[in-house]
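Take a look at the letters that make up each chain.
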Amino acid sequence: MRIEIVTDNIVVMYAPKELELAINTAPTTAPVTCIALPERLIIVDTGIFVDVLANFRKEMEKKYNRKISHLLLTHLDWDHMFAMEVFEDVKTVASEHCIENMKYNLTEGYLAKENLVEFANNRYPKHKEMRDLVINAKLFLPTISVKDELRIGPEENSLLFKVVGGHTKGSSIIYSSSEKTICVGDNLLECYPPLQHEFNNPISIYKQLEELDIEHVIPGHGKVVSKDYIIKTRKYYEDLEVFLKKSFSEDLSINQIQEHPQLPKYFAQGSPGWKFSCRPTDNWLQYLIEDFYETLK
Ligand SMILES: [Zn+2]
């Protein structure tokens, strides 16, 4: 277990480095966040490692001498919620849209028992331990469904759970104004390029977040960053938008765009621990440019 103290009341945990696999690092780079409110603890996202998470729970309840009351889920992608069984006894919160989507996936999508085996085999053909974690995940639907937003805790320390969309249609952020900290889920990635399942121009989402008083940003994957990272991500999209619009007037093909010397460079590219995606064969930066190109066209 790797722990990072963000503030006196916020601790972030990552799965141990030894579990990091070259073929898919997504679950090991996904943080689990513990937020201490007066008289209780809140957890944001779970990762997939049940034993590691159970230990983290024990440690946090001991450190703060408080019990966990809620598990808040930024979105319901597998790498952020497969260890949810550790919090079966607390209130679980996700957006209405994410819950609807999970309901579908549990019955006919990739989370249905028979499909999950195939999913595990595809992701981890060489790692039985990982396959077992995926196949044996005890999944259940969150008990509290949020349409727009929900406040948790006493007014002066309250947490805001807000549905913003972006990475997935029901993706949400969790914001603590007293700790000046935000959990943004996969709407902001520190160790990979941005990724959206159904591309929508996210500039307005970043602008909305920038209005908040923020010192610490807990991303969906990677290290805790500052507000500057949100601003840089927004600016990257804005520069890319300008470049793509210009390329239309010059009639450039998507291949010419991808190779173009003036194509805006993603600011975090090449920083320590950075990868083009969580799998060696994918390049999310290329997908992003392609998707944005298609949307603007
Ligand atoms: Zn993720």
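Right above here is the structure, for reference.
The structure presented is a predicted model; accordingly, all values stated were derived computationally and were not measured. (Residues numbered from 1 in each chain as written. Predicted model: local features only at pLDDT ≥ 70, side-chain atom pairs only at ≥ 80, totals over all residues.)

> Describe the sheet that holds strand β6 (residues 91-95), naming the residues involved and giving the relevant values.
The seven strands lie next to each other as β1-β2-β3-β4-β5-β6-β7, forming an open sheet whose pairing is mixed. Looking at the sheet topology across the chains shown, the edges are occupied by β1 (2-7) and β7 (144-146). With direction set aside, neighbouring strand axes in the sheet form an average angle of 20°. As paired strands, β6 and β7 are joined by three bridges and run parallel to one another. Bridge pairing in β7 places S95 opposite V146. Sheet strands in contact with helix α2 (residues 50-64) are β2 (10-14), β3 (32-37), β4 (40-44) and β5 (68-72), and its direction is about 20° off that of β3. (Pairing = 2+ DSSP bridges. Helix = DSSP H or I, 4+ residues; strand = E, 2+ residues; numbered from the N terminus. Axes fitted to C-alpha atoms, helices over the stretch in contact; angles between N-to-C directions. Contact = placed C-beta atoms within 7 Å.)

> Can you lay out helix α7 (residues 203-210) for me, pointing to particular residues and giving the numbers?
Burial in α7 covers these residues: I205, Y206 and L209. Taken around the axis of α7, the buried residues stretch over an arc of 95°, which confines them to a single face. Considering only its buried residues, α7 is in contact with β10 (172-176), β11 (181-189) and α8 (227-249). (Buried ≥ 20, exposed ≤ 12 C-beta atoms within 10 Å, placed from the backbone. Arc of directions from axis to C-beta.)

> Outline the pairing of β1, supporting the account with residue identities and numerical values.
With zero of six residues buried, β1 lies mostly on the surface of the structure. Hairpin connection between β1 and β2: a loop of two residues separates the two successive antiparallel strands.

> Give a detailed account of the nonpolar core, specifying residues and quantitative values.
Counting 70 residues, the largest nonpolar core has I35, I42 and I182 as its most contacted members. Beyond its immediate chain neighbours, meaning those up to four positions away, I42 contacts I35, L37, S69, H70, L72, I152 and L159. (Core = buried A, V, L, I, M, F, W, Y, C linked by C-beta atoms within 7 Å.)

> Can you tell me about α8, naming the residues and giving the values?
In an α-helix, one turn spans 3.6 residues; hence positions three or four apart end up facing the same way. The end-to-end C-alpha distance of α8, which contains 23 residues, comes to 34 Å, matching closely the 33 Å that a straight helix rising 1.5 Å per residue would cover. For α8, the full list of buried residues reads Y229, I230, T233, Y236, L240 and L244. Buried residues belonging to α8 abut β11, α7, β12 (216-221) and α10 (284-296). D251 lies just past α8 and shows a positive phi near 60°. (Expected span 1.5 Å × (residues − 1).)

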